[in-house]
Amino acid sequence: MEALTPTTEQAKAIRKIVAEPTRAALNGSTMGAGKTLIAVEVARGLGAETILIIAPLGTRLGWKVTFERQGVDLTFKWISSSKDGKQARSDWDWQLPGIYFIGVEYFARLGWDTPRVRSKMWAKVPDLVLFDEVHRSQNRNSKTYKTLKQVKAGFKLSMSGTPTGNSFEGAWAVTKWLWNKEIPDSFHIWANTWCKFEYNHFSPGGKKIVGEYKPGAFFKSLPCYVRIESELDVSLQEDIRYVELLPVQRKAYDQLEKSMITWVEGNPLVVEFPITLRARLRQASLGMFSVDAEGDVTFDNHCKSSKIDAMLEVLKDDWDGEPALILTDSRKFADVVVHRLGERAAAWHGSVSQVVREDRKKAFIDGNLDYLVAVTSAIAEGVDGLQHATRNVLWLSRSDNRLLNEQAMARVMRQGQTEQVRSVEVIALDTYDSGVLSSQMQGAIEMNKILKEGK
């Protein structure tokens, strides 16, 4: 993949962070503003050779892909309880050059030998520590924050569009780790300087923090705080969630790509034509398919799927259960997704009559449905009103027709939309999804084009 070029605003933020004399920075940019790209370019600018990334597990592949895409020639290692993860931990102990990724929960767990005795796991001093979604450390009494206090680094960079979490008082813990000398040791001294209070009989001292005394003043006072926001009234924030195929999917995919045959539930599935092979590979990247009594390829409602796992995580954790339009190129898989989401979801594809479609659209707009799961080609044209139902679009697979994809996106991002639109695409690594094709597959596709045009 071609390296990304930072925008003018991103480049300015990168230069500011790299030059920061306190060797710490907080990036409070909104979603889709390129926080990961900025962090990777900061790592490049600093010449960091040992990098620790503390982040939600769902971001791991995004980090890995971005470092590789930007040409950072360091091995990406995941510290976990697996065999490879234990080797990564050993490499960390020796501070071998590399990018060390660890999930937030496991990071906190490894910081303690017992509930009261700290371990030596985080006594090392890497060149750079990146904390993604740093609001997870905003509770000053949490194990995450108490573990984070142990971490030192040549440079510290934290990222979150909402660094204070749900309450302004969370700003103390988040910034105390970054600037230990600049932020008061006493939370209460800090709070009396920056916070707004109201009387509350049940709170300590009879007063409760209800916000910042002078909104914006504290973050303005920080040594290095950057924030990039959308300039449009209604803009589009795009993000990619990378996933790896589950083992059963990977096996079927690789077998099909290599020999155009795989085994499904003890029976051989043979692909005879290149155009059919492409369809089967796309199906394998969605979920593990099966074969019905008639010998047709289909999906069981309980099929294994790393994309469905990622979808559920995005809907719940990233979008807090907000309504969403979910798009795929597969009618059969759309039905599986509806089954997994339950009664608050409905399908929209060629097998659904126009009358039923209109009923489902009305239910979606009225708030009686949370999720509309649509085949892109079926919903791309002639459908208006979805902009009043949701601002969220999740792609499980795109159509081969670029125009249909653009038109489907326009069902939500159109006149009448009042909120910033959020689009997340779930992409399976090392598949047709991400543009990775074997030479055999590429040749087969090219030959199919030749044959089709020749005909």
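Within each chain, residues carry numbers counting from 1 in the order of the written sequence. Where local features are concerned, this predicted model is filtered to residues with pLDDT of at least 70; where side-chain atom pairs are given and counted, the filter is 80 or more; whole-chain, interface and lining totals use all residues. Side-chain metrics in this entry use all non-hydrogen atoms of the structure; hydrogen atoms and water are not considered.

Enquirer: Explain helix 3 (residues 60-69) here, please?
Expert: Since the α-helix advances by 3.6 residues per turn, residues separated by three or four positions end up pointing in the same direction. Between buried and exposed lies partly exposed: a residue is buried under 20% and exposed over 50% of the maximum accessible area for its type, with that area taken using a 1.4 Å probe on protein chains only. Every helix listed is a DSSP run of H or I at least four residues long, and every strand listed is a run of E at least two residues long, numbered separately from the N terminus. In terms of burial, helix 3 is a largely internal element, 7 of the 10 residues being buried. Along helix 3, the residues classified as buried are Arg60, Leu61, Gly62, Trp63, Val65, Thr66 and Phe67. Looking one or two places after helix 3, you find Gly71, whose phi comes out positive at around 80°.

Enquirer: Would you mind going over the pattern of salt bridges with me for this structure?
Expert: A pair can form between side chains of opposite charge whenever their charged atoms are brought close. The salt bridge definition used is simple: a Lys or Arg side-chain nitrogen within 4 Å of an Asp or Glu carboxyl oxygen. Considering all chains together, one arrives at 19 salt bridges under this definition. Taking the shortest distance from any N to any O, the salt bridge between Arg391 and Glu419 comes out at 4.0 Å. Taken together, the positions of Arg391 in the loop between helix 15 (376-379) and strand 18 (392-395) and Glu419 in the loop between helix 16 (402-409) and strand 19 (421-428) put the pair 28 residues apart, joining distant regions of the chain. Note on Arg391: relative accessible area 16%, which makes it buried.

Enquirer: Looking at this structure, I do not really get the packing of helix 2 (residues 35-46) against helix 3. What am I missing?
Expert: Packed helices, taken two at a time, are described by the angle their axes make and the gap between the axes. Note on geometry: axes are C-alpha line fits, over the in-contact stretch for helices, and angles between N-to-C directions span 0 to 180 degrees. The contact between helix 2 and helix 3 brings their axes to 10 Å, and the two run at 50°. Our classification of the angle between helix 2 and helix 3 gives oblique. For the pair helix 2 and helix 3, the crossing hand works out as right-handed. For the pair formed by helix 2 and helix 3, the contact residues are Thr36, Leu37, Ala39, Val40 and Ala43 on the first element and Gly62, Trp63, Thr66 and Phe67 on the second. Looking at the contact of helix 2 with helix 3 residue by residue, the classes come out as 6 nonpolar, 3 polar and no charged. Orientation labels follow simple angle bins: below 35 degrees gives roughly parallel, above 145 gives roughly antiparallel, 65 to 115 gives roughly perpendicular, and whatever is left gives oblique. Handedness of a crossing follows from how the near helix is turned relative to the far one, being left-handed for an anticlockwise turn of less than a right angle and right-handed for a clockwise one. Throughout, a residue-residue contact means that at least one pair of heavy atoms, one from each residue, lies within 4.5 Å. Under the scheme applied here, ten amino acids are nonpolar (Ala, Val, Leu, Ile, Met, Phe, Trp, Tyr, Cys and Pro), four are charged (Asp, Glu, Lys and Arg), and all others, including Gly, are polar.

Enquirer: Any chance you could explain the pairing of strand 17 (residues 371-375) here in plain terms?
Expert: Moving residue by residue along a regular strand, the side chains alternate between the two faces of the sheet. Of all 5 residues making up strand 17, 5 are buried, and the element is well covered by its neighbours. Because side chains alternate across strand 17, one face comprises the buried residues Tyr371, Val373 and Val375, and the other comprises Leu372 and Ala374, equally buried. By definition, two strands form a pair when at least two bridges between them are found by DSSP. Direction of pairing for strand 15 (residues 324-328) relative to strand 17: parallel, over a ladder of 5 bridges. Paired with Ile326 across the bridge in strand 17 is Val373. Here strand 16 (residues 345-348) runs beside strand 17; their pairing, made up of 4 bridges, is parallel. Each bridged residue has a counterpart across the sheet, and for Ala347 the counterpart in strand 17 is Val373. What joins strand 16 to strand 17 is helix 14 (residues 354-366), and the crossover it makes is right-handed. Handedness is read with the strands pointing away from the viewer; a crossover is right-handed when the path from the first strand over the helix to the second is clockwise.

Enquirer: What exactly am I supposed to notice about the packing of helix 12 (residues 306-318) against helix 13 (residues 331-341) here?
Expert: Axis separation between helix 12 and helix 13 bottoms out at 12 Å; the angle between their running directions is 50°. Between helix 12 and helix 13, the interaxial angle falls into the category oblique. Both helix 12 and helix 13 take part in a crossing whose hand is right-handed. Judged by residue contacts, Ile308, Met311, Leu312 and Leu315 of helix 12 engage Phe333, Val336, Val337, Arg340 and Leu341 from helix 13. Here the residues of the contact of helix 12 with helix 13 are counted per class, giving 8 nonpolar, no polar and 1 charged.

Enquirer: How do you make sense of the nonpolar core when you look at a structure like this?
Expert: Side chains of nonpolar character tend, in soluble globular proteins, to be buried together. Nonpolar cores were defined as sets of buried Ala, Val, Leu, Ile, Met, Phe, Trp, Tyr and Cys residues, with membership established by side-chain atoms within 4.5 Å. Counting residues in hydrophobic clusters, the biggest one holds 67 residues, and the most contacted among them are Ile53, Trp63, Phe67, Leu130 and Trp190. It is helix 7 (residues 171-178) that provides the largest number of residues to this core, a total of 6 residues. Apart from residues no more than four positions distant in its own chain, Trp190 is found in contact with Phe168, Glu169, Ala171, Trp172, Ile183, Pro184, Cys195 and Phe218. If you look at the next biggest cluster of nonpolar residues, it comprises 59 residues, including Val243, Trp319, Leu369 and Ala428.

Enquirer: Explain the sheet that holds strand 10 (residues 236-243) to me, please; I cannot follow it from the model alone.
Expert: The pairing of strands in a sheet comes from backbone hydrogen bonds and takes either a parallel or an antiparallel form. Taking strand neighbours across the sheet as the criterion, the 6 strands line up as 10-19-18-15-17-16 in an open arrangement whose pairing is parallel. Looking along the sheet, the strands with just one partner apiece sit at the ends: strand 10 and strand 16. Averaged over all neighbouring strand pairs, the angle between strand axes comes to 20°, with direction disregarded. In this structure, strand 18 lies alongside strand 19, joined through 4 bridges in parallel fashion. By the bridge assignment, Leu394 is partnered in strand 19 with Val424. Strands strand 15, strand 16 and strand 17 of the sheet are contacted by helix 13, whose axis makes an angle of about 170° with strand 17.

Treat this as a map of the structure, not an account of what it does.
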